[in-house]
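# Chain and residue survey
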Amino acid sequence: EDYFDIFRRHKAWIFGPTFAALVTSVVVAFLWPDTYLSTGIIRVVPPRVPESYVPSNLNSDLQGRINSITQTILNRGTLTTIINNFDLYKKELRRLPMDDVIENMRQRDIKVGTVKTFGEVGGNKPTVPAFQVGFVYNNRVIAQKVASDLINRFLDESRKETSDQTLYTTQFMNTGREAAKKKLDAIEQKLSAFRASHLGHLPEQNTSNYQQYNAMQSQMMNLNSAMSRISQE
C-alpha cells in the first residue's frame, strides 16, 4: 500500500519524463536526415588452372591481399578525389578541415567487409569467396555512384596488384634461371676441358677402353700368327 501510495502521489514525475523522452525521440527520428547504404559484392575468382597442375605464383592469403588493397585505396589522395568528383560533404567542409572529413568518411561511411563464403551449401549453386564494399550517404543516388566507384577501384587495384606480382615473380624466376644457366654453362665448360685433358681415364670410358683393349689383343694375336707363318716360310 505504501508503494502504491508513492506511485499515486508521484505519477506525474514518472509519466512526465517518460512521455517527454518519447516525444523527443519521435521528433529527433522525424527530423534526422535519411541515410542510405549502397553495397556491392566483389567475388574472388579462384585460379582457373588447378594448382595441382600449375602452382600459383601469387600469395593465397585473400584477406591479407584485401587489407593491403584497402589501405592503398583509402588514402588521402583517393578519398579527396572522390569527394571532389561527387561534391560530397558540403556542410562538413564548411566547418571542418579536409583531413577530418576524410577520416570521418574512412571510419564511418565506407564499409569494407571481410572475406566470406556466398552461395548455397549443398545446393546447386557453388559457394564462392567474396566480400562486400559499401558507402553510406544522405543521397541514395550519390551513395550508389560512390559505391560503384569504390568497387571499380578495388577491381582495378586488384588487377594491377596481380599483374605486378606476376611480373615481379616472373622476373625473379627468369633472373634465377639465367644465373643457374650461367653456372651450368661454366660447369659444362670445365667438365669438357677435364674430359679432353683426361681422355681415356674417365670412369664412364671403362667399357670402351675394355673393348679397345680386346680389339688390340685380337690384332696382336693375328699379328703373332702372321709372324709365325712368315718365320716358318
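Overview of the structure. Going along each chain's sequence as written, the residues are numbered from 1 onward. Where local features are concerned, this predicted model is filtered to residues with pLDDT of at least 70; where side-chain atom pairs are given and counted, the filter is 80 or more; whole-chain, interface and lining totals use all residues. Processing note: side-chain calculations cover all non-hydrogen atoms of the structure and skip hydrogens and water entirely.

## Here's the deal with the packing of helix 4 (residues 76-86) against helix 6 (residues 98-109)
- Relative orientation of the contacting elements helix 4 and helix 6 amounts to 95 degrees, with a least axis distance of 10 Å. Here helix 4 is positioned roughly perpendicular relative to helix 6, judged by the angle of their axes. In contact with R76, L79, T80, I82, I83 and N84 of helix 4, helix 6 contributes M98, D99, V101, I102, M105 and R106.
- In the contact of helix 4 with helix 6, the residues fall into 7 nonpolar, 2 polar and 3 charged. Every axis in this analysis is a line fitted to C-alpha atoms, fitted for helices over the stretch in contact. Angles between the N-to-C directions lie between 0 and 180 degrees. Each helix is a run of DSSP H or I of at least 4 residues and each strand a run of E of at least 2, with the numbering of both proceeding from the N terminus. Our angle categories are set so that under 35 degrees counts as roughly parallel, over 145 as roughly antiparallel, 65 to 115 as roughly perpendicular, and the remainder as oblique. Contacts: residue pairs with any heavy atoms within 4.5 Å of one another. Ten residues, namely Ala, Val, Leu, Ile, Met, Phe, Trp, Tyr, Cys and Pro, are considered nonpolar, four, namely Asp, Glu, Lys and Arg, are considered charged, and the remaining ones, Gly among them, are considered polar.

## Some words on unusual backbone geometry
- For D87, which is not a glycine, the phi torsion comes out positive at approximately 55 degrees.
- Locating D87 in the fold gives a position in the loop between helix 4 and helix 5 (90-95).
- The classification of residues rests on relative accessible area computed with a 1.4 Å probe and restricted to protein chains. Under 20% of the type maximum is buried, over 50% is exposed, and intermediate values are partly exposed. Overall, the relative accessible area of 45% leaves D87 in the partly exposed class.
- One non-glycine residue, Y89, lies in the positive phi region at around 55 degrees.
- Structurally, the position occupied by Y89 is in the loop between helix 4 and helix 5.

## Re the nonpolar core
- For our purposes a nonpolar core is just a set of buried Ala, Val, Leu, Ile, Met, Phe, Trp, Tyr and Cys residues, chained together by side-chain atoms within 4.5 Å. Counting 26 residues, the largest nonpolar core has L88, Y89, M105 and F135 as the members making the most contacts within it.
- Mapped onto this core, the elements with two or more residues apiece are helix 3 (62-73), helix 4, helix 6, strand 4 (128-137) and helix 7 (140-197).
- Ranked by residues supplied to this core, first place goes to helix 7 with 7 residues.

## With respect to the packing of helix 3 against helix 7
- Where helix 3 meets helix 7, the axes come as close as 10 Å, and the angle between the chain directions of the two elements is 115 degrees. Pair helix 3 / helix 7 crosses with right-handed handedness. Across from R65, S68, I69, T70, T72 and I73 in helix 3, the residues of helix 7 making contact are R153, F154, E157, S158, E161 and T162.
- Along the lines of polarity and charge, the residues of the contact of helix 3 with helix 7 split into 3 nonpolar, 5 polar and 4 charged. Two helices cross in a left-handed way if the nearer one is turned anticlockwise from the farther one by less than a right angle. They cross in a right-handed way if the turn is clockwise.

## Some words on the packing of aromatic side chains
- Any pair of Phe, Tyr and Trp rings, taking the six-membered ring for Trp, is counted once the centres come within 6.5 Å. Such a pair is stacked with planes under 30 degrees apart, edge-to-face with planes over 60 apart, and tilted for the rest. Going through the model one piece at a time under the given rule, you end up with 3 aromatic pairs.
- An angle of 85 degrees between the planes, with centres 5.6 Å apart, marks the rings of Y89 and Y137 as edge-to-face. With a gap of 48 residues between them, Y89 in the loop between helix 4 and helix 5 and Y137 in strand 4 connect regions that are remote in the sequence. An identical accessibility class is assigned to Y89 and Y137; each is buried.
- A connected cluster of aromatic rings, assembled from ring pairs, spans Y89, F135 and Y137.

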